Amino acid sequence: MPQPHETPQAAPAPTGRGAPARVLVVDDDPTVAEVVAGYLERAGHVVDRAADGPAALGLAAAHWPDLVVLDLMLPGMDGLDVCRRLRRQGAVPVIMLTARGDEDDRILGLEVGADDYVTKPFSPRELVLRVESVLRRARPAPPDRPLAAAGLSADPAARRAAKDGVELALTIREFDLLAFFLRNPGRVYGREQLMREVWGWEFGDLSTVTVHVRRLRGKIEDDPAAPRLIQTVWGVGYRFETPAAREGRADA
């Protein structure tokens, strides 16, 4: 649950990021939902609330959200199933809330497409900052040149990516990770560096990076079990390999 000594009035003020976002908060605990909604509204967002999966899907169908804060443990339809169904409708960012400390549960949330997770008990202020971070990444970036290498292309302005001309269904973080690799071929990046550069965080659970790399490989590699593009450099991190980068190293 949120920390009891904090109140919505202490939430960060709006940061001048443009039009307010519509955030769907899904939690069957009315106290948690009220506190989270209060903080998000104080930060300038429009908030819809649902106490279970069917209600959340109904609200999303009526007013498609810009982001969903989704509890993992819901009655009946759990948060993982809700996330899967939302993903089938569109690429909405999802931040998962979980009271479980087990790493497998956190990874499950990331595997079904959650962009981030927060473990209960949590600070509502931290949650608002996580929401702001994900929303910043989801909004169109300043104009940037299209990127292309090794049969892959990414248009940062349109946030669309393709492999061999076929559009890829990427989550927000997967797109950001692919665009980062396309901008920086041939260089090795550790998970801590990727978390800073792609997620914008100075600290966090590094398994988030691992899971997103695995998901991205599943969408861009011909054989994800033997990746040719995103290569693991053992003990160091990951390198995005392209023919041009390989030739550059050979000529060095």
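A quick note: this is a predicted structure, and the numbers were derived from the prediction, not measured.

Thresholds, definitions, all that
Residues numbered from 1 in each chain as written. Predicted model: local features only at pLDDT ≥ 70, side-chain atom pairs only at ≥ 80, totals over all residues. Heavy atoms only, no water. Pairing = 2+ DSSP bridges. Helix = DSSP H or I, 4+ residues; strand = E, 2+ residues; numbered from the N terminus. Buried < 20%, exposed > 50% of the residue type's maximum accessible area, 1.4 Å probe, protein only. Expected span 1.5 Å × (residues − 1). Contact = heavy atoms within 4.5 Å. Polar contact = N/O pair within 3.5 Å; in protein donor to acceptor, adjacent residues only side chain to side chain. Core = buried A, V, L, I, M, F, W, Y, C linked by side-chain atoms within 4.5 Å. Salt bridge = Lys/Arg side-chain N within 4 Å of Asp/Glu carboxyl O. Arc of directions from axis to C-beta.

Asks: Explain the sheet that holds strand 11 (residues 230–233) here, please?
Replies: Strand pairing in a sheet is mediated by backbone hydrogen bonds. Such pairs are either parallel or antiparallel. Here 3 strands make up an open sheet; going across it, the order is 10-12-11 and the pairing antiparallel. Since the sheet does not close on itself, it has two edges, and those belong to strand 10 (188–189) and strand 11, each with one partner. Two elements, strand 11 and strand 12 (residues 237–240), share 4 bridges in a ladder whose sense is antiparallel. Its bridge partner being in strand 12, Ile 230 is matched across the sheet by Phe 240.

Asks: It is not clear to me how the pairing of strand 4 (residues 94–98) should be interpreted in this structure. Could you clarify?
Replies: Moving residue by residue along a regular strand, the side chains alternate between the two faces of the sheet. Where burial is concerned, most of strand 4 is hidden: 5 out of the 5 residues are buried. Sheet analysis places strand 3 (residues 67–71) next to strand 4, joined by 4 bridges and oriented parallel. Bridge pairing in strand 4 places Asp 71 opposite Leu 97. In the sheet, strand 4 pairs with strand 5 (residues 116–119) via 4 bridges, with the strands oriented parallel. The residue of strand 5 that forms the bridge with Met 96 is Tyr 117.

Asks: Could you clarify how one ought to interpret helix 1 (residues 30–42) in this entry?
Replies: Residue pairs spaced three or four apart in an α-helix point in one direction, given the helix's 3.6 residues per turn. The terminal C-alpha atoms of helix 1 lie 18 Å apart, and with 13 residues this matches the ideal 18 Å at 1.5 Å per residue to within 8%. Residues of helix 1 that are buried: Val 32, Ala 33, Val 35, Val 36, Ala 37, Gly 38, Tyr 39 and Leu 40. Against the buried residues of helix 1 lie strand 1 (22–26), strand 2 (46–50), strand 3 and helix 5 (124–138). With a side-chain oxygen positioned 2.9 Å from the backbone nitrogen of Thr 31, the residue opening helix 1 is Asp 29. Looking at the residues trailing helix 1, positive phi occurs at Gly 44, about 100 degrees.

Asks: I tried to follow the nonpolar core on my own but got confused; where do I start?
Replies: Soluble globular proteins tend to pack their nonpolar side chains together in the buried interior. The biggest cluster of nonpolar side chains holds 28 residues, and the ones touching the most others in it are Leu 178 and Leu 194. Those elements that place two or more of their residues in this core are strand 7 (152–155), helix 6 (172–183), helix 7 (191–199), helix 8 (207–220) and strand 12. For this core, the element with the highest residue contribution is helix 6, accounting for 7 residues. Setting aside residues no more than four positions away along its own chain, Leu 178 makes contact with Leu 152, Ala 161, Leu 168, Leu 170, Leu 216 and Ile 220. Listed in part, the 24 residues of the second largest apolar core include Ala 50, Leu 57, Val 94 and Val 211.

Asks: Just checking my understanding: could you explain the pattern of salt bridges for this structure?
Replies: Side-chain pairing between opposite charges can occur once the charged atoms of the two side chains come close. This model, assessed by the stated rule, comprises 14 salt bridges. A salt bridge links Asp 48 to Arg 22; the shortest N-O distance between them is 2.7 Å. Of the two residues, Asp 48 is situated in strand 2 and Arg 22 in strand 1; the sequence distance between them amounts to 26 residues. Residue class for Asp 48 comes out buried when judged on its relative accessible area of 14%. A relative accessible area of 24% places Arg 22 in the partly exposed class. For the salt bridge of Glu 126 with Arg 130, the shortest nitrogen-to-oxygen distance reads 3.2 Å. Note that Glu 126 and Arg 130 are positioned in helix 5 at a spacing of 4 residues, about one turn of the helix. For Glu 126, a relative accessible area of 32% gives the class partly exposed. Connected via shared salt-bridge partners are Asp 27, Asp 71 and Lys 120.

Asks: Can you help me understand the sheet that holds strand 8 (residues 160–163) in this one?
Replies: Across the sheet, which stays open at both edges, the 4 strands sit in the order 6-7-8-9 with antiparallel pairing between neighbours. Since the sheet does not close on itself, it has two edges, and those belong to strand 6 (147–149) and strand 9 (166–167), each with one partner. Note that strand 7 and strand 8 share 4 bridges and pair antiparallel. Bridging across to strand 8, Ser 153 finds its partner in Ala 162.

Asks: What exactly am I supposed to notice about helix 2 (residues 53–62) here?
Replies: Within the span of helix 2, buried status applies to Gly 53, Ala 56, Leu 57 and Ala 60. Summarising the axial view, the buried residues of helix 2 lie within an arc of 95 degrees, below the 170-degree limit, and thus occupy one face. Buried residues along helix 2 sit against strand 1, strand 2 and helix 3 (79–89). Between a side-chain oxygen at the N-terminus of helix 2 and the backbone nitrogen of Ala 55 the separation is 2.9 Å; the capping residue is Asp 52.

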